Amino acid sequence: MTPKVCLVMREFSSFNRAWTQILRNLGIDYTLCTATAGSTSASIQTPQGVFAAGSADLRGYFRQFDAVILCDHSLNLNDTARINYSVFWLSWNAPEDPAFLFFNPHFSTAITESAYNSNFPSDFPIVRPDPSDIAGTLEAADGGSATNGDPLIQTQIRARGACVLFLAENTRAHVQTICNAHTNNIPYYWRLDTTKHSTLASTTYTHRVARNGRAGEILAVPAPPTSSEDTETYPSDCVVAYRYRNCFWLPHALARAPFSVNLWDVAVQPFVFWLLYGLQLAGVRPRYRLPVQIETSRPLEALEASFNPPYSLREQCDFLLVSWDWMREFARRKGTAIIGGVTTGGRDRSASSRQHWGILYNTSYPAEAREAAMRVHQILVAGHREGTTPCGPHDYTIGGGDGLWGSAVSAGYIRHAGRQRGTPNDVPIARGMYCVAPHVLPADVADRGAQTVQVGDIEMVEWDFTGRTSGTGTTFDLPMDNIHAARMIIEGHIDEMLALGFPDGYCGGHKYTNPAGNNSGGECYWQVLKEFGFRGIRSSSNCTGIYIKRVPPNRIWHGFHLVGAQAIDNCGSASQFSRGLYLPSAPSGGDAVRHYLLDHGSDISANWATGQVAAWRAYRRLLCQTTSSWLHCTAVELSSAYFHPNQSLMCVSLADAVAPFEGWSRLGPYSTPHYNHAVELLENMDAVVRLLPEYLYWGTITDVMDHRERVMG
Amino acid sequence: MPVRFLKNASELADVSWETPLPVQVANAKPVPADTLLVATTTVTADANRDLLGSTSTELPTLDGCMQYRKLVWFYFRAGADSTTYRILARATDHNGAPLGAGWQEIVPATTLPGAANSWNRIEIPATTDGYYDQYRIEVQRTAGSNYTLTSKIVGVR
């Protein structure tokens, strides 16, 4: 049976293309229908004709779908019409009728249209929001503070936190949740008329989506606190998701904005969980499940004292050791692979402790630190061999620190020794002075040193490398804009990875890596990576450090994958490392709250010293924010989320680095709450995966690339 | 035993050079055109902002376009606020490296046609052929308020 849904919207100018992008990725067929108005008198324009919203013809038309999705919502509870036409569908409850998915529906009492109010089911158990009595009809959520801006269209910042308890699954998960919002920018959850709900919950009802055989079902509520420190509680009549017969009342899913699902400017869709959950509830069985995986950049590094970290080199390696051991075990249990971009260049070009090679072998560092680093390294190598922590090169020592083609010239480049392009071989480092395609090259024109190179589908004969070779020495200025330089750089990377003890330099069978700065270079680098056996590389859309290149529109270049990326650290990269969830003295971006602008109405910063709940609030918002971006990578972009272990884990307690967050009862450095980003993030995503078994599975970057070829080809 | 097939609904024919098996071409594009970009841009007063929101002046909006004779830019503008657009182009070598810094300006700052909520179409280049490797398409609001510009660019071989 082909999965098929119907999307109903008001107008394309506000239609979020992520709706269809996600459905494409899942292999769910869809039909787009438009409503001619927001009122009950609207007609629904379908590919098979125009039907009145309450007509039997429309009802019959809808019966070919697994689900009908309402795409529109409102930020203004005073609106009198938004999806009024859908009121009739609340009564289309026969087994033949599809499931109806209402995300962040507008059903406030400001709707005065008599046809709406007279057709609104009298037994509907969720209290209709009253804009003149918001406090009495809705529950202010997440501390009740106002977001600085429309909370429904935020993307990678300003998350609103929620730990949600899914009752049937008996699972808690942090997912961004807003049931309704208003012009005051406060997020709200719904209130339940418990009397009506009791009646529905005891009424037998037959429909394929009524898994408990009852007419009403509470699907999800705000999860009760797990600590007495967390005083953010909700009354027992508060709900965030409800099934009324075959109609699902669900939180906000996608912004009502013309976000393009362009491969360059995808805006993160932070509420996408609810769309996936709604589709699963509706029994829409996708053709494809989506692989969930995560990457790290710089799996082993340690900050020297000049960065003023709270821990010594040895202590940093200690918390990395415990955390990587935990992550490797997690990957084993879940069947995923946590990619690591190993800092290469440490052997030949930089011996700092931020380099994988440097912290292992630079004897100017304390032996105890190097020994601790070696234990981390051995976990990574063993994990690479067994497939749990595959590693590839990630080089900040070239291109002015910006990776592949990070600058026009990599000044003072120090190359590797041996192999085809290392010392002492004198090899080209720039394209020849003359380059002619072989099919138009006259005989006897190219000199004896001519080389044929192929970049994509362009083949050229190059000659006259006078002044454009490496010489026999080690150090020279390397122009980065050509295939000869790319070959030298990538060959050096592979050589160093092998010297470090990895059996290969491209994440084992995944044949992949993530480059420094997400700079994948241009065509010449992609060509060379293919020559060395790579299948793909993580890449920003502007894929050079000097911003002169773009990736192809579909992010696949001659079969080579240029996988998109979203960083989900708990601090900004410029601040070097995380001081925790929040630290008043932290620099800009130096804690999670500052980095993601999570301090709504100062409800964290103003209470940090006096109210323990502030830490739990910060914890919720951070987990929601980062899990959302990761899920967006999984479901919308088919890309990779990643974090930097040393940078993000600097706020753990050394006494038990992988302990769960416990508020103020377990402290990390700076006397702030301990927080292990790796543990919390992976455990929370695991809860999401368990909630969505028909839509998600723990996979690998190979699964992602396979799926990209399946749905993007 | 020759392989035979039904030809012209009534004639049974042997497979041969003269009468090959009838086949339907699969996986071939009916038109030599590709969708290259779909983007929603907030048009601001910023100078040098391209359709992808970047103000890095060396960064192309589109790369790898050598195979396209022409680009066709369709757009829907939500506002009528005075706006100019500018189109830059350049060629790269076979490594993908631009032949030099800067750009060839193939359309100088020009008023962006269209009223609020209007559909429009611009050919790049307007005359002759393109075959440039990289294009940079900039939009700048010169009066009024920010608005959204939704674009689609098709490459035609």
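Because the structure is a prediction, the values reported are computed rather than measured.

Engineer: Looking at this structure, how should I read the overall build of chain A?
Structural biologist: Counting its regular elements, chain A contains 16 helices and 31 strands. If one aligns the C-alpha atoms of chain A with their principal axes, the spans along those axes are about 90 × 65 × 40 Å. Looking at chain A residue by residue over its 713 residues, the buried ones come to 64%. A separation of at least 24 residues holds for 74% of the contacts in chain A among residues at least 6 apart in sequence.

Engineer: Which parts of the structure should I look at to understand the overall build of chain B?
Structural biologist: A count of helices and strands for chain B gives 0 helices and 9 strands. The order of helices and strands in chain B, counted from the N terminus, is β-β-β-β-β-β-β-β-β. Reported as C-alpha extents along the three principal axes, the dimensions of chain B are approximately 75 × 40 × 25 Å. By the burial criterion, 45% of the 157 residues in chain B qualify as buried. Restricting to contacts in chain B with at least 6 residues of sequence separation, those with at least 24 account for 77%.

Engineer: Is there a simple way to explain the interface of chain B and chain A in this structure?
Structural biologist: How large an interface is tends to be reported as the accessible area lost when its parts come together. Listed as interface residues are 24 residues of chain B and, on the opposing side, 26 residues of chain A. Taking both partners together, chain B and chain A bury about 2,100 Å²; carbon and sulfur atoms supply 56% of that area. Among the residues chain B hides against chain A, the three largest losses belong to L59, H94 and N95 of chain B. Together they make up 35% of the total. Remark: the boundary between chain B and chain A carries 3 salt bridges. For D50 of chain B, the salt bridge identified is with R550 of chain A, shortest N-O distance 3.8 Å. At the boundary of chain B with chain A, the tally comes to 10 residue pairs in polar contact (both at pLDDT 80 or more). Ranked by residues supplied to the side of chain B that touches chain A, first place goes to strand β3 (residues 33-43) of chain B with 5 residues.

Engineer: Explain the side chain of R487 of chain A to me, please; I cannot follow it from the model alone.
Structural biologist: All names here are of chain A. Mapped onto the secondary structure, R487 falls in helix α10 (residues 483-499). Residue classification places R487 among the buried positions, given a relative accessible area of 13%. Setting aside anything within four residues of it in sequence, one finds R487 in contact with R421, V453, V528, E531 and F532.

Engineer: Looking at this structure, how should I read the sheet that holds strand β26 (residues 536-538) of chain A?
Structural biologist: Strand-to-strand pairing in sheets goes through backbone hydrogen bonds, with the strands running parallel or antiparallel. All names here are of chain A. Spatial ordering of the open sheet is given by β25-β26-β28-β27, a layout of 4 strands whose pairing is mixed. Among the strands making up the open sheet, the edge pair consists of β25 (512-513) and β27 (556-557). In this structure, β27 lies alongside strand β28 (residues 560-563), joined through 2 bridges in antiparallel fashion. Pairing of I556 across the sheet is with H561, part of β28. Packed on one face of the sheet, helix α16 (residues 701-712) meets β25, β26, β27 and β28 and runs near 110° to β28.

Engineer: For this particular structure, what's the right way to read the packing of aromatic side chains?
Structural biologist: Centre distance and the angle of the planes are the two values used to describe a pair of aromatic rings. All names here are of chain A. Scanning the entire structure with this criterion turns up 48 aromatic pairs over all chains. Their ring planes at 70° and their centres at 6.2 Å tell us that F107 and W190 sit as a pair that is edge-to-face. One end of the pair, F107, is in the loop between β6 (99-103) and α3 (114-119); the other, W190, is in strand β11 (residues 187-191), and 83 residues separate them in sequence. An aromatic cluster is defined as three or more aromatic residues linked by ring pairs; in this entry it consists of F51, Y61, F62, F65, Y85, W89, W92 and F100.

Engineer: Where do I start with the packing of α10 of chain A against helix α11 (residues 523-531) of chain A in this structure?
Structural biologist: Two measures define how a pair of helices packs: the angle their axes make with one another and the distance between the axes. Residues and elements named next belong to chain A. With their axes 8 Å apart at the nearest point, α10 and α11 run at an angle of 45° to one another. Between α10 and α11, the interaxial angle falls into the category oblique. When the axes of α10 and α11 are compared, the crossing they make is right-handed. On α11, the residues touching I483, A486, R487, I489 and I490 of α10 are C524, Y525, Q527, V528, L529 and E531. Along the lines of polarity and charge, the residues of the contact of α10 with α11 split into 8 nonpolar, 1 polar and 2 charged.

Engineer: What is the right way to read a nonpolar patch on the surface from this model?
Structural biologist: Residues V3, V15, L21 and V23 of chain B make up a contiguous nonpolar surface patch of about 370 Å² in total accessible area. Accessibility expressed as a relative area gives 47% for L21 of chain B, which makes it partly exposed.

Engineer: Is there a simple way to explain α11 of chain A in this structure?
Structural biologist: Since the α-helix packs 3.6 residues into each turn, any two residues three or four apart lie on the same face. All names here are of chain A. With 7 of its 9 residues buried, α11 lies for the most part within the structure. Where α11 is concerned, the buried positions are E523, C524, Y525, W526, Q527, V528 and L529. Where the residues of α11 are buried, they touch β22 (451-455), α10, β26, β27 and β28. Note on α11: the residue one or two positions beyond its end, G533, has a positive phi of about 105°.

Engineer: Sorry if this is basic, but what is going on with the packing of helix α13 (residues 613-637) of chain A against helix α15 (residues 677-691) of chain A here?
Structural biologist: Residue and element names in this part refer to chain A. Where α13 meets α15, the axes come as close as 10 Å, and the angle between the chain directions of the two elements is 65°. The interaxial crossing formed by α13 with α15 has right-handed handedness. Here Y619, L622, L623, T626, T627, W630 and L631 of α13 lie close against α15, whose contacting residues are H677, E680, L681, L682, N684, M685 and V688. Per-class residue counts for the contact of α13 with α15 are 9 nonpolar, 4 polar and 1 charged.

Engineer: Hey, could you run me through the sheet that holds strand β9 (residues 171-174) of chain A in this one?
Structural biologist: Residues and elements named next belong to chain A. Spatially, β4-β3-β2-β1-β5-β6-β15-β14-β12-β8-β9 is the arrangement adopted by the 11 strands of the open sheet, whose pairing is mixed. On the outer flanks of this sheet lie β4 (49-52) and β9, each paired with one strand and no other. Each neighbouring strand pair of the sheet contributes to a mean axis angle of 20°, computed without reference to strand direction. Both strand β12 (residues 216-222) and strand β14 (residues 241-244) contribute to a ladder of 4 bridges, which runs antiparallel. Paired with I218 across the two strands is Y242, which belongs to β14. Sitting on the sheet, helix α1 (residues 18-26) touches β1 (4-9), β2 (29-35), β5 (67-70) and β6, and the angle it makes with β1 is about 175°.

Engineer: Even after reading the chapter, I still don't get the nonpolar core, so can you show me in this structure?
Structural biologist: Within soluble globular proteins, side chains that are nonpolar generally end up buried alongside one another. Ranked by internal contacts, the top residues of the largest apolar core, which has 175 residues, are F62, W89, W274 and L279 of chain A. With near-sequence residues (within four places) excluded, F62 of chain A lies in contact with C6, V8, V68, W89, W92, P98 and F100 of chain A.

Engineer: What exactly am I supposed to notice about the environment of Y434 of chain A here?
Structural biologist: Residues and elements named next belong to chain A. Looking at the secondary structure, you find Y434 in strand β21 (residues 434-436). On the basis of relative accessible area, Y434 is assigned to the partly exposed category, the value being 42%. Along the backbone, Y434 and A446 are 12 residues apart, and their C-alpha atoms lie at a distance of 8.3 Å. When residues no more than four places from it in sequence are discounted, the contact partners of Y434 are V461, E462, W463 and D464.

Engineer: What is the right way to read the pairing of strand β7 (residues 118-124) of chain B from this model?
Structural biologist: As a general feature of sheets, a regular strand has side chains that alternate between the two faces. Residue and element names in this part refer to chain B. Along β7, the buried face is formed by S118, N120, I122 and I124; none of W119, R121 and E123, which line the opposite face, is buried. In terms of strand pairing, strand β4 (residues 70-77) meets β7 through 7 bridges, oriented antiparallel. Each residue of the ladder has a partner; that of F74, found in β7, is R121.

Engineer: How should I be thinking about α10 of chain A in this particular structure?
Structural biologist: Residue and element names in this part refer to chain A. Counted at 1.5 Å a residue, the expected span for α10 with its 17 residues is 24 Å, and the 24 Å between its end C-alpha atoms agrees. With 15 of its 17 residues buried, α10 lies for the most part within the structure. For α10, the N-terminal capping position is held by N482, with its side-chain oxygen 2.9 Å away from the main-chain nitrogen of H484.

Engineer: Sorry, what's going on with the pattern of salt bridges here?
Structural biologist: Should the charged atoms of two oppositely charged side chains come close, the side chains can pair. All names here are of chain A. Overall, the coordinates contain 54 salt bridges over all chains when judged by the stated rule. The partner of R298 in a salt bridge is E301, with the nearest N and O atoms 2.9 Å apart. Note on accessibility: R298 and E301 belong to one class, buried. A salt bridge links R354 to E301, with the shortest nitrogen-to-oxygen separation between them at 3.2 Å. With R354 in the loop between β18 (339-344) and α8 (356-361) and E301 in the loop between β17 (294-297) and α7 (313-334), the pair connects residues that are 53 residues apart, well separated along the chain. Residue class for E301 comes out buried when judged on its relative accessible area of 1%. A single network of salt bridges, built from pairs that share partners, joins D142, R160, D230, E232, D603, R617, R620 and R621.

Engineer: It is not clear to me how the side chain of H416 of chain A should be interpreted in this structure. Could you clarify?
Structural biologist: Residues and elements named next belong to chain A. With respect to the element layout, H416 can be found in the loop between β20 (409-414) and β21. On the accessibility criterion, H416 (1% relative accessible area) is buried. Only 2.7 Å separates the side chain of H416 from the side chain of E491, close enough to count as a polar contact. Residues contacting H416, with those up to four places away along its chain left out, are R347, D348, R421, G422, T423, M488, E491, G492 and D495.

Calculation notes
Every chain's residues receive numbers from 1 upward, in the order its sequence appears when written. Starting at A for chains and at 1 for ligands, labels are handed out in the order in which the entities are written. Thresholds applied to this predicted model are a pLDDT of at least 70 for local features of residues and 80 or more for the giving and counting of side-chain atom pairs; totals over whole chains, interfaces and linings are not thresholded and use all residues. The side-chain quantities take in all heavy atoms of the structure and omit both hydrogens and water. Numbering of helices and strands runs from the N terminus; a helix is a DSSP stretch of H or I covering at least four residues, while a strand is a stretch of E covering at least two. Relative accessible area decides the class of each residue, using a 1.4 Å probe on protein chains only: under 20% of the type maximum gives buried, over 50% gives exposed, and in between gives partly exposed. By definition in these notes, contact holds between two residues if any of their heavy atoms fall within 4.5 Å. Summed over both partners, the accessible surface that disappears when two parts come together, traced with a 1.4 Å probe, is what is meant by buried area. Salt bridges are defined by distance alone: a side-chain nitrogen of Lys or Arg within 4 Å of a carboxyl oxygen of Asp or Glu. Here a polar contact is recorded for every N or O atom pair within 3.5 Å, except that within protein the pair must consist of a potential hydrogen donor and a potential acceptor, and residues adjacent in sequence are included only if both atoms are side-chain atoms. Any two strands with at least two DSSP bridges between them are considered paired. Fitted lines through C-alpha atoms give the axes, limited to the stretch in contact for helices. The angle between two N-to-C directions lies from 0 to 180 degrees. Side-chain rings of Phe, Tyr and Trp (the six-membered ring for Trp) are treated as a pair once their centres are within 6.5 Å; stacked means planes under 30 degrees apart, edge-to-face means over 60, and tilted covers the remaining angles. Between 65 and 115 degrees an angle is taken as roughly perpendicular, under 35 as roughly parallel, over 145 as roughly antiparallel, and anywhere else as oblique. Crossings are sorted by hand: turned counterclockwise from the far helix by less than a right angle, the near helix makes the crossing left-handed, and turned clockwise it makes it right-handed. In this count, Pro and Cys sit with the nonpolar residues alongside Ala, Val, Leu, Ile, Met, Phe, Trp and Tyr, while Asp, Glu, Lys and Arg are called charged and the others, Gly among them, polar. Residues enter patches when their relative accessible area tops 30% and they take part in no salt bridge; the joining distance is 9 Å for like charges and 5 Å for the nonpolar side chains Val, Leu, Ile, Met, Phe, Trp and Tyr. In this description, accessible areas are obtained by the Shrake-Rupley approach with a 1.4 Å probe, and a residue is regarded as covered only by the protein chains that are shown. To define a nonpolar core, start from buried Ala, Val, Leu, Ile, Met, Phe, Trp, Tyr and Cys residues and group those joined through side-chain atoms within 4.5 Å. By definition here, a helix of n residues has an expected span of 1.5 Å times n minus one.

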